[in-house]
Amino acid sequence: MVRPSQQLHPHREPAPLRAAATVLLLRDTPSGLEVLMTRRSPTASFAPNAYVFPGGRIDEADTAARRIATRRRTQSRVQLTQAIAAIRESFEELGVLLAHHTDGTPVSAELIAGMDRSTADTTVAFAEQCAARGLQLSTDRVFTLAHWITDRDLPKRFDVPFLVARMPEGQTPTADESEQFEPCWVRPADALARHAEGRFFIIFPTVRTLERLAAYADVDAVLQACTSRPEGEGPLWTSCPRAGLLGGKEARYMEHEHPYGELAMVCPDGQIVHALDWQTEHAVPLLKNLRRLTAPNPSAMTGPGTNSYIVGDASTGYIVVDPGPNDFGHIGRLWKATQGDIRMIVCTHSHADHSPGATPLQALCKTTNPPILGLPSAPTARPNARFTPDRALADGERLVLNATAVGDNGETLLPLHTLRVIHTPGHAANHLCLVLEEDGLLLSGDHILNGSTTVIDPPDGNMTHYLDSLDKLDAACQAGDVRFILPAHGHVIAEARSAIARLKAHRLKRESKVADAMRRLPAGTIDEWLPLAYDDVPERMWPMAARSFAAHVERLQKLAAA
Ligand SMILES: [Zn+2]
């Protein structure tokens, strides 16, 4: 875990979560699936004027109303209460009532018209009104689509399932004209298009929910998706978004999106202060003891550019990991960011976008003359990826930055920042990763990337070694409580172990596609197999994929021969 003392921003307790529920009422039309939305009051304390789905806080009374609720066998008690709250809210706000008589006949519009929708203290409680008319709530027709938790930065926060139900026949929504206005049926894609034009204000969870909803052809398809999860009933996704700054503007992300992990590490409590724009002109602080300076070498191979990491602080001096290409400006900026106090220069591997900056950087640091550390390139390395460090690093070796403490017994050295070396062949034979032990961070070089896929280029690259190294990294993450991964290309990755598991699963899935292609065309060539095995990858990526493809073929042939 990251030491609190190294966090850039003071701890701030996010607002407490309140339980709420919202429901997407859906209907089929000749032009596709539609969802019911309404505009919130301009004076609402949360998301004023936003178009939303009906919903609100869960009351004590909702739990008590379970006696008139119809429960599906697989529906949990919590889901039942959420469904009751959603039904009550859509009744109060829009006059839509998901209910039926005990004999199964649906409630009529006339009966609903005679009920009191106001929420004044004098109103007979919703459940009492239903019970008095012999109505049962159709809670068994309400399903869980998603689970949203309001972002940590917002002053009011809700823990809210987004439920779905088919709109009952014969009812017409009418707004309460106090909390909700202008009920409208809208196709998800149209709502998103109007939002993009600035004509239909919706907040982030609504946007993302509509985006997913747009993929379904009709109501049945949505309900089917909600009930056919292998894990049983539950949300199709759960998210507590995070926001950063992009081009000076707020930008929000869900957990699976590339910048999320970086925001989780730099602003754990949801402060919206971290700029996500790629910086080649100055080092970006990620923690007090960790900065990232990106080299100005963006390309299809290097993504936004090579990340040089600067570990340490003014009291300990610095270790620079991956000085990058031999770029005069970049090397100068690394020197400047460290005031020349570089104690060690480490290259994760020898590739041209990682190690050539080491020698010129060393030459600039005249007072400290830092050693260049890493692993010598193997004979299999391409001519432009040859590299010989001043000293080869041993697997498990620790590189320590000490602070000097002066006490009664003279000076003592306090280890403050320790990088442990992990040999990880696979992407390159001389690849290594580093764990910043005190903060549980993994500097992954090119072994794990964010936003792109590591190329395994035989013979220096090796797929079996790559997969074995992933296992080794997973074990190191488990042993060292490593939460975040800092790749040489792309933003920080959160949930280190899940990310490694996903990566491994992705590789093995690709490998089974390669094996399938080879089985289907036993006499085929790479040019014939590749389009089959990479049919989900854009064609322009195929030349790059061809190298990893060869690595899979090599591994499969070795496995078959074993
Ligand atoms: Zn590389």
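In case you missed it, the structure is sitting above this.
Residues numbered from 1 in each chain as written. Predicted model: local features only at pLDDT ≥ 70, side-chain atom pairs only at ≥ 80, totals over all residues. Heavy atoms only, no water.

Draft legend 1. Structural detail: the overall build of the protein. The helix and strand inventory of the protein stands at 14 helices and 24 strands. Each principal axis of the C-alpha atoms in the protein carries an extent, and together these give about 85 × 75 × 40 Å. Scored against the burial criterion, the 562 residues of the protein give a buried share of 53%. Pairs at least 24 residues apart make up 63% of the contacts formed inside the protein by residues separated by at least 6 positions. Positive and negative side-chain charges in the protein, numbering 57 and 66 respectively, have mean positions lying 1 Å apart. (Helix = DSSP H or I, 4+ residues; strand = E, 2+ residues; numbered from the N terminus. Buried < 20%, exposed > 50% of the residue type's maximum accessible area, 1.4 Å probe, protein only. Contact = heavy atoms within 4.5 Å. Lys, Arg positive; Asp, Glu negative; His and termini not counted. Charge placed at Lys NZ, Arg CZ, Asp CG, Glu CD.)

Draft legend 2. The arrangement of the packing of aromatic side chains in detail. A complete count under the given rule lists eight aromatic pairs for this structure. Ring centres 6.3 Å apart and planes at 85° place the aromatic pair Trp148 and Trp237 in the edge-to-face group. Of this pair, Trp148 sits in strand S7 (residues 143-149) while Trp237 sits in strand S10 (residues 237-239), and the two are 89 residues apart along the sequence. For Trp237, a relative accessible area of 8% translates into the label buried. (Phe/Tyr/Trp six-rings, centres within 6.5 Å; stacked < 30°, edge-to-face > 60°.)

Draft legend 3. Representation of the side chain of Thr294 in the model. Tracing the backbone through its elements, the reader meets Thr294 in strand S14 (residues 290-294). At a separation of 3.0 Å, a polar atom in the side chain of Thr294 contacts the side chain of Asn307. Sequence-distant contacts of Thr294, defined by excluding residues within four places in its chain, comprise Trp278, Gln279, Thr280, Pro304, Gly305, Thr306, Asn307 and His330. (Polar contact = N/O pair within 3.5 Å; in protein donor to acceptor, adjacent residues only side chain to side chain.)

Draft legend 4. Seen up close, the packing of helix H11 (residues 463-479) against helix H14 (residues 542-561). Direction vectors running N to C along H11 and H14 enclose 90°, while the axes themselves pass 8 Å from each other. Judged on the interaxial angle alone, H14 and H11 are roughly perpendicular. Here Met463, Thr464 and Leu467 of H11 come into contact with H14, specifically with Ser548, Ala551, His552 and Arg555. Its residues assigned to classes, the contact of H11 with H14 shows three nonpolar, three polar and one charged. (Axes fitted to C-alpha atoms, helices over the stretch in contact; angles between N-to-C directions. Parallel < 35°, antiparallel > 145°, perpendicular 65-115°, else oblique. Nonpolar A, V, L, I, M, F, W, Y, C, P; charged D, E, K, R; others polar.)

Draft legend 5. Quick peek at the sheet that holds strand S17 (residues 342-346). Read from one edge of the open sheet, seven strands run S13-S14-S15-S16-S17-S18-S19, paired in mixed fashion. Strands at the two margins of the open sheet, each flanked by one partner only, are strand S13 (284-287) and strand S19 (391-392). Across three bridges, S13 lies against S14 in antiparallel orientation. In the strand pairing of S14, Val284 is matched with Arg292. Contacts from helix H9 (residues 328-337) reach S14, strand S15 (307-313), strand S16 (317-321) and S17 within the one sheet, and its direction differs from that of S14 by about 160°. (Pairing = 2+ DSSP bridges.)

Draft legend 6. Seen up close, the sheet that holds strand S22 (residues 432-436). An order of S20-S21-S22-S23-S24 is seen for the five strands of this open sheet, with the pairing classed as mixed. Each edge of the open sheet is held by one strand with a lone partner, namely strand S20 (398-407) and strand S24 (484-487). For this sheet the average axis-to-axis angle between neighbouring strands, irrespective of direction, equals 25°. In this sheet, S24 lies alongside strand S23 (residues 441-445) in parallel orientation, the contact comprising four bridges. Note that in S24 the partner of Leu441 across the bridge is Phe484. H11 rests against strand S21 (410-423), S22 and S23 of the sheet, and its axis sits at about 145° to S21.

Draft legend 7. Structural view of the environment of Ile331. Within the secondary structure, Ile331 is located in helix H9. Relative accessible area serves as the criterion here: at 3%, Ile331 is assigned to the buried category. As for Ile331 and Pro360, which are separated by 29 residues in sequence, their C-alpha atoms are 7.3 Å apart.

Draft legend 8. Representation of the pattern of salt bridges in the model. In the structure shown here, the tally under the stated rule is 35 salt bridges. Residue Arg72 pairs with Glu233 through a salt bridge whose shortest N-O separation is 2.7 Å. Here the residue Arg72 occupies a position in the loop between helix H1 (60-64) and helix H2 (77-94), and Glu233 occupies one in the loop between helix H7 (219-227) and S10, the gap between them amounting to 161 residues. Using a relative accessible area of 22% as the deciding quantity, one classes Glu233 as partly exposed. Here Asp471 makes a salt bridge to Lys504, at a shortest N to O gap of 3.0 Å. Placement of the pair is Asp471 in helix H11 and Lys504 in helix H12 (residues 496-520), with a sequence separation of 33 residues. (Salt bridge = Lys/Arg side-chain N within 4 Å of Asp/Glu carboxyl O.)

Draft legend 9. Seen up close, the side chain of Ser469. Residue placement: Ser469 occurs in helix H11. Of the residues examined, Ser469 reaches a relative accessible area of 3% and is grouped as buried. One polar contact links the side chain of Ser469 to the main-chain carbonyl oxygen of Pro425, over a distance of 2.7 Å. Aside from chain neighbours lying at most four places away, what touches Ser469 is Thr424, Pro425 and His447.

Draft legend 10. Quick look at helix H6 (residues 204-213). Counting buried residues in H6 gives eight out of 10 residues, a clear majority hidden from the surface. Along H6, the residues that are buried comprise Phe204, Pro205, Thr206, Val207, Arg208, Thr209, Leu210 and Leu213.

Draft legend 11. Seen up close, unusual backbone geometry. Omega for the peptide link from Pro458 to Pro459 comes to 5°, which places this bond in the cis form. Within the secondary structure, Pro459 sits in the loop between S23 and H11. For Asn49, which is not glycine, the phi dihedral falls at a positive 70°. Relative to the elements of secondary structure, Asn49 occurs in the loop between strand S2 (32-40) and strand S3 (51-52). The phi angle at Glu495 is positive, at roughly 50°, despite the residue not being glycine. Mapped onto the fold, Glu495 is located in the loop between S24 and H12. Glu495 sits in the exposed class, given a relative accessible area of 57%.

Draft legend 12. The arrangement of H12 in detail. Taking 1.5 Å per residue, 25 residues should reach 36 Å; H12 reaches 36 Å between its end C-alpha atoms and fits that length. Of all the positions in H12, only Ala496, Ala499, Ile500, Leu503, Arg507, Arg510, Glu511, Val514, Ala515, Ala517 and Met518 are classed as buried. In this structure, the buried side of H12 is in contact with H11, S24, helix H13 (526-533) and H14. (Expected span 1.5 Å × (residues − 1).)

Draft legend 13. Geometry of the packing of H12 against H13. Running from N to C, H12 and H13 cross one another at 130°; their axes reach a closest spacing of 9 Å. As the angle between them shows, H12 and H13 are arranged oblique. Between H12 and H13 the crossing geometry is right-handed. Counting all contacts with H12, which are made through Arg510, Lys513, Val514, Ala517, Met518 and Arg520, the residues of H13 involved are Trp529, Leu532 and Ala533. Here the contact of H12 with H13 is composed, by residue class, of six nonpolar, no polar and three charged. (Left-handed = near helix turned anticlockwise from the far one by under 90°.)

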